[in-house]
Amino acid sequence: MIHQNQGKTLVEKIWDDHVVKSEEGFPDILYIDTHLIHEVTSPQAFDGLRKRGLPVFRPQQTVATADHNVPTLNQHLPIAEELSRYQVDMLTKNCAEFGVELYGLGHPYQGIVHVIGPELGITQPGKTMVCGDSHTSTHGAFGAIAFGIGTSQVEQVFATQCLLLQKPKTMKIEVNGELGKGVGAKDIILYIIAQISAAGGTGYFIEYAGSTIRSLSMEERMTICNMSIEMGARGGLIAPDQTTFDYVKGRQFAPKGEDWDIALDYWKTLYSDEHAKFDAVLEFHAKDIAPMITYGTNPGMGMGINDNIPSKLAQPETEQPSFQKALDYMGFLDNQPILGKPVDYVFIGSCTNSRIEDLREVADFVKGKQKDPNVEVWIVPGSKQVEAQAIEEGLDQIFQSAGFQLREPGCSACLGMNEDKIPAGKYCVSTSNRNFEGRQGPNARTMLVSPLTAAAAAVTGKITDVRELLS
Amino acid sequence: MKKFETITSRVVPLPIENIDTDQIIPARFLKATTREGFGNNLFRDWRYDSNNEPKADFVMNNPTYSGKILVAGKNFGCGSSREHAAWAIEDYGFDVVISSFFADIFKGNALNNGVLPIQVSDEFLEKVFETTFSNPNSEITVDLEAQTVTIKDSGDVESFEINPYKKSCLINGYDDIDFILSHVEDITYFEKTR
Ligand code: SF4
């Protein structure tokens, strides 16, 4: 018998509110409120539309930006690399032809797609949002169902503003208690992934809950949801609350006046009911979390910064060869500490950690300090608006005196696709989200950390426990 | 996508198990940027020798056997998930692949490209091979609506399973976009009433 007072999870509530049609034996037709696009995964989909002779069904619900291929120096000049330039030009042409709003290079709203959506107020609670990019999960921080899709699905959304999908399984991850000094949102998510592995969330939509999550700012929540995909999850979200409403209010595309009141009434219903059933539930304690760092070549290979790299023999036998391969790639030995290792590059940026709060936190820490002479430090704001805000607040001056380079917005060294690459064999402490082989450039070695831990490495030139530098 | 209609055709028998997608279309042919033209390289290394001469002993080079139905051994399409394998089979001119087991990803890729993978029992598969080898002109009828496959010579019939949504896609020549567009009134109604 179906229990009458079963209650719904947040994912189910939003999902059910967007089902256009649900038939036995068929996937649901799910309505998509907002479609974000960028230059890399859209051209073949636009091409598909052209072949079918179809328009973009709801161009006003589609927003484009150029981020993956853009240089972060001299953005006023034409892009030097030919294929990158071609892809960015193609986006401009396609958006003009199909009537899609483009915040391209030079536009005051341009930036990483997952940074501009929230800051423009496009990202809102209760929405369904997709993008041909796996880190679309970022937008879940607002209590939205947001996930990455393939290019053929990009074409589906262009053509119909809908997707054919099966309802996903749900997992609740609770984090409770107070975070220690020097420990932030990035450490929470790196800790969770290290605990459950890079495949631990496969097949699930994750709802993050608990007192620790509630206490986070919106930008910190975005950092958490951003990396849901790194444990294999379809997406991650957090129920909206006053923190969310305060963040959205007054932004460019947020509802205004009476519309705001109507929206707010609805948003306040967006939480998982008390008796809602999740397919899986996990709980973690904030006090167990130290500043985190990855030592291997997937985001699940993370540990507390003071820990030793795990022993190879402690790994399941079938996984030992790939564990060894990862350590060989990184130039590390098992059972060794990582603390004190010299660093060549520090990259503070990407859709995980390039927002104004990240830049403020770093500036606050480095004020009056100097970078180590052997380290190159790149700070890449997530958007033109973040860049402008940083300059307005004088953060650029602080970075400059510390010897940090403040570059122009884009994905930058998060992926070895544009001009910003880490040279082969070099160690990069990075606030981005992926440490795969070659992710930051062929044979580059990536260690994922929080902005604060990255700043500590920048000033000491080596892997450092930031807690020792905090007064 | 073209509409899938009842097919009666001779068959191309390939009684080999575990045919992986690297055999169906070798990796070196994946550099093309369109979906067209892969048929020329279907089973490339079985069809041609290193001098690009057709290998006489391979079934596809034997004019005795032809048709729109490929019949293959158990676990067809395993290995790499490349959709190019389905494109190659479709581009070559096969509408149906019959086997006693399909790798999951290949099955999905085939259906998305208008190729019907039919899973039959080991016994039925054996019968198809026997009939074809004793009479290469014998035909098979695939009735998607009724979900049956019939060996004309012997009259043996077996029914097969297919996801009802994918069935309607094939019968109507729809892909996912066509399917959603056929509900465009539902979409606009949803937009008005939410
Ligand atoms: S910053 Fe990195 S992860 Fe984020 S959208 Fe760009 S390339 Fe992807």
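Values in this document were obtained by computation on a predicted structure and should not be read as measured data.

Conventions and cut-offs
- Residues numbered from 1 in each chain as written.
- Chains lettered and ligands numbered in written order.
- Predicted model: local features only at pLDDT ≥ 70, side-chain atom pairs only at ≥ 80, totals over all residues.
- Heavy atoms only, no water.
- Helix = DSSP H or I, 4+ residues; strand = E, 2+ residues; numbered from the N terminus.
- Rg over C-alpha atoms; globule rule 2.2 N^0.38 Å.
- Buried < 20%, exposed > 50% of the residue type's maximum accessible area, 1.4 Å probe, protein only.
- Areas by Shrake-Rupley, 256 points an atom, 1.4 Å probe, with all protein chains shown as cover.
- Lys, Arg positive; Asp, Glu negative; His and termini not counted.
- Charge placed at Lys NZ, Arg CZ, Asp CG, Glu CD.
- Pairing = 2+ DSSP bridges.
- Axes fitted to C-alpha atoms, helices over the stretch in contact; angles between N-to-C directions.
- Contact = heavy atoms within 4.5 Å.
- Buried area = accessible area lost by both parts, 1.4 Å probe.
- Salt bridge = Lys/Arg side-chain N within 4 Å of Asp/Glu carboxyl O.
- Polar contact = N/O pair within 3.5 Å; in protein donor to acceptor, adjacent residues only side chain to side chain.
- Nonpolar A, V, L, I, M, F, W, Y, C, P; charged D, E, K, R; others polar.
- Phe/Tyr/Trp six-rings, centres within 6.5 Å; stacked < 30°, edge-to-face > 60°.
- Core = buried A, V, L, I, M, F, W, Y, C linked by side-chain atoms within 4.5 Å.
- Parallel < 35°, antiparallel > 145°, perpendicular 65-115°, else oblique.
- Left-handed = near helix turned anticlockwise from the far one by under 90°.
- Domains from an automatic or database assignment.

Caption draft 1: Up close: the overall build of chain B. When you go through chain B residue by residue, the secondary structure sums to eight helices and eight strands. Here the C-alpha radius of gyration of chain B, 18 Å, is about what a compact globule of 194 residues would show, namely 16 Å. For the C-alpha atoms alone, the extent of chain B along its principal axes is close to 65 × 45 × 25 Å. When the 194 residues of chain B are sorted by exposure, 48% land in the buried category. Summed over all atoms, the accessible surface of chain B reaches about 9400 Å², with 46% contributed by carbon and sulfur.

Caption draft 2: Local environment of the overall build of chain A. Across its full length, chain A carries 15 helices and 19 strands. Reported as C-alpha extents along the three principal axes, the dimensions of chain A are approximately 60 × 60 × 45 Å. Among the 471 residues that make up chain A, the fraction classed as buried is 61%. Summed over its atoms, the accessible surface of chain A is roughly 18100 Å², and 50% of this surface lies on carbon and sulfur atoms. In chain A, 41 side chains carry a positive charge and 58 a negative one; their mean positions are 2 Å apart.

Caption draft 3: Representation of the pairing of strand β19 (residues 445–448) of chain A. All names here are of chain A. Here β19 shows no split at all, with Arg445 and Met447 on one side and Thr446 and Leu448 on the other all buried. Pairing geometry for strand β18 (residues 427–430) and β19, over four bridges, is parallel. Bridge assignment links cysteine 428 to a residue of β19, and that residue is threonine 446.

Caption draft 4: Inspection of the sheet that holds strand β8 (residues 157–159) of chain B at higher detail. Residues and elements named next belong to chain B. Across the sheet, four strands lie side by side as β1-β6-β7-β8; this open sheet has antiparallel pairing. Each edge of the open sheet carries a strand with a single partner, namely β1 (7–9) and β8. Across this sheet, the average inter-strand angle for adjacent strands is 15°, counted without regard to direction. Two elements, β1 and strand β6 (residues 140–143), share three bridges in a ladder whose sense is antiparallel. The residue of β6 that forms the bridge with serine 9 is isoleucine 140.

Caption draft 5: Up close: the sheet that holds strand β8 (residues 162–165) of chain A. Pairing within the open sheet is antiparallel, and its three strands lie in the order β1-β2-β8 (chain A). Looking at the sheet topology across the chains shown, the edges are occupied by β1 (19–21) and β8 of chain A. Recorded for the sheet is a direction-independent mean angle of 40° between the axes of neighbouring strands. Examined bridge by bridge, strand β2 (residues 28–31) of chain A and β8(A) share four bridges and lie antiparallel to one another. From the neighbouring strand, A:Leu30 faces β8(A), where its bridge partner is A:Leu163. Where helix α8 (residues 184–193) of chain B meets the sheet, its contacts fall on β1, β2 and β8 of chain A, and the angle it forms with β1(A) comes to roughly 140°.

Caption draft 6: Geometry of the interface of chain A and chain B. Each partner contributes residues to the interface: chain A has 24 residues there, and chain B has 19 residues. Of the roughly 1800 Å² buried where chain A meets chain B, counting both sides, 69% is carbon and sulfur surface. Counting every contact that joins chain A to chain B gives five salt bridges. For A:Arg58, the salt bridge is made with B:Glu191, and the minimal N-O distance between the two is 2.7 Å. At the junction of chain A and chain B, the tally comes to five residue pairs in polar contact (both at pLDDT 80 or more). The set of elements that each furnish at least two residues to the side of chain A that touches chain B consists of β1, β2, α5 (151–160) and β8 of chain A. Split by residue class, the side of chain A that touches chain B holds twelve nonpolar, five polar and seven charged.

Caption draft 7: Structural detail: the packing of aromatic side chains. All told, the structure shown has 26 aromatic pairs over all chains when counted by the stated rule. Relative to A:Tyr427, the ring of A:Phe332 has its centre 5.6 Å away and its plane inclined at 20°; by these criteria the two rings are stacked. Highlighted residues: A:Phe332 in the loop between α11 (320–330) and β15 (345–348) and A:Tyr427 in strand β18, separated in sequence by 95 residues. Judged on exposure class, the residue A:Phe332 and its partner A:Tyr427 are both buried. One aromatic cluster is present, built from ring pairs that chain together A:Phe26, B:Tyr165 and B:Phe179.

Caption draft 8: Inspection of the nonpolar core at higher detail. Of all hydrophobic cores here, the largest spans 77 residues; its most connected members are A:Ile173, A:Tyr208 and A:Met231. The element best represented in this core is helix α6 (residues 185–196) of chain A, accounting for eight residues.

Caption draft 9: Summary view of unusual backbone geometry. Unusually for a residue other than glycine, A:Ser412 sits at a positive phi of about 55°. Along the chain, A:Ser412 falls in the loop between β17 (405–406) and β18. Residue A:Ser412 is classed as buried on the basis of its relative accessible area of 0%. With phi around 65°, B:Asn52 is a residue other than glycine that occupies positive phi space. In this structure, B:Asn52 sits in the loop between α2 (44–47) and β3 (69–72).

Caption draft 10: Region of interest: the packing of α6(A) against helix α8 (residues 218–226) of chain A. All names here are of chain A. Packing of α6 against α8 leaves a shortest axis separation of 8 Å and a crossing angle of 20°. Our classification of the angle between α6 and α8 gives roughly parallel. By crossing handedness, the relation of α6 to α8 is classed as right-handed. Contact with α6, carried on its side by Ala185, Lys186, Ile188 and Ile189, involves Glu220, Thr223 and Ile224 of α8 and no other residues of that element. When its residues are assigned to classes, the contact of α6 with α8 shows four nonpolar, one polar and two charged.

Caption draft 11: Main features of the pattern of salt bridges. A complete count under the given rule lists 27 salt bridges over all chains for this structure. A:Lys384 serves as the salt-bridge partner of A:Glu387, at 3.0 Å between the closest nitrogen and oxygen. Placement of the pair is A:Glu387 and A:Lys384 together in helix α13 (residues 384–392), with a separation of three residues, close to one helical turn. Side by side, A:Glu387 and A:Lys384 carry an identical accessibility label, which is buried. The salt bridge partner of B:Asp156 is B:Lys127, with a shortest N-O separation of 3.4 Å. In this pair, B:Asp156 is assigned in the loop between β7 (148–151) and β8 and B:Lys127 in helix α5 (residues 122–134), connecting sequence segments 29 residues apart. Accessibility expressed as a relative area gives 36% for B:Lys127, which makes it partly exposed. Within the structure, one salt-bridge network assembled from shared partners comprises A:Arg52, A:Glu155, B:Asp175 and B:Asp178.

Caption draft 12: Inspection of the domain arrangement of chain A at higher detail. All names here are of chain A. With domains assigned, chain A is organised as domain 1 (10–166) and domain 2 (295–462). Computed over C-alpha atoms only, the centres of domain 1 and domain 2 are separated by 28 Å. Between domain 1 and domain 2, the contact holds 28 residues from the first and 24 residues from the second. With both sides pooled, the region where domain 1 packs onto domain 2 buries about 2100 Å², and carbon together with sulfur makes up 55% of that total. Summed over the shared surface of domain 1 and domain 2, the result is 14 residue pairs in polar contact (both at pLDDT 80 or more). When residues of the side of domain 1 that touches domain 2 are traced back to their parent elements, those giving at least two are α3 (82–98) and α4 (113–119). With four residues, α4 is the largest single contributor of residues to the side of domain 1 that touches domain 2.

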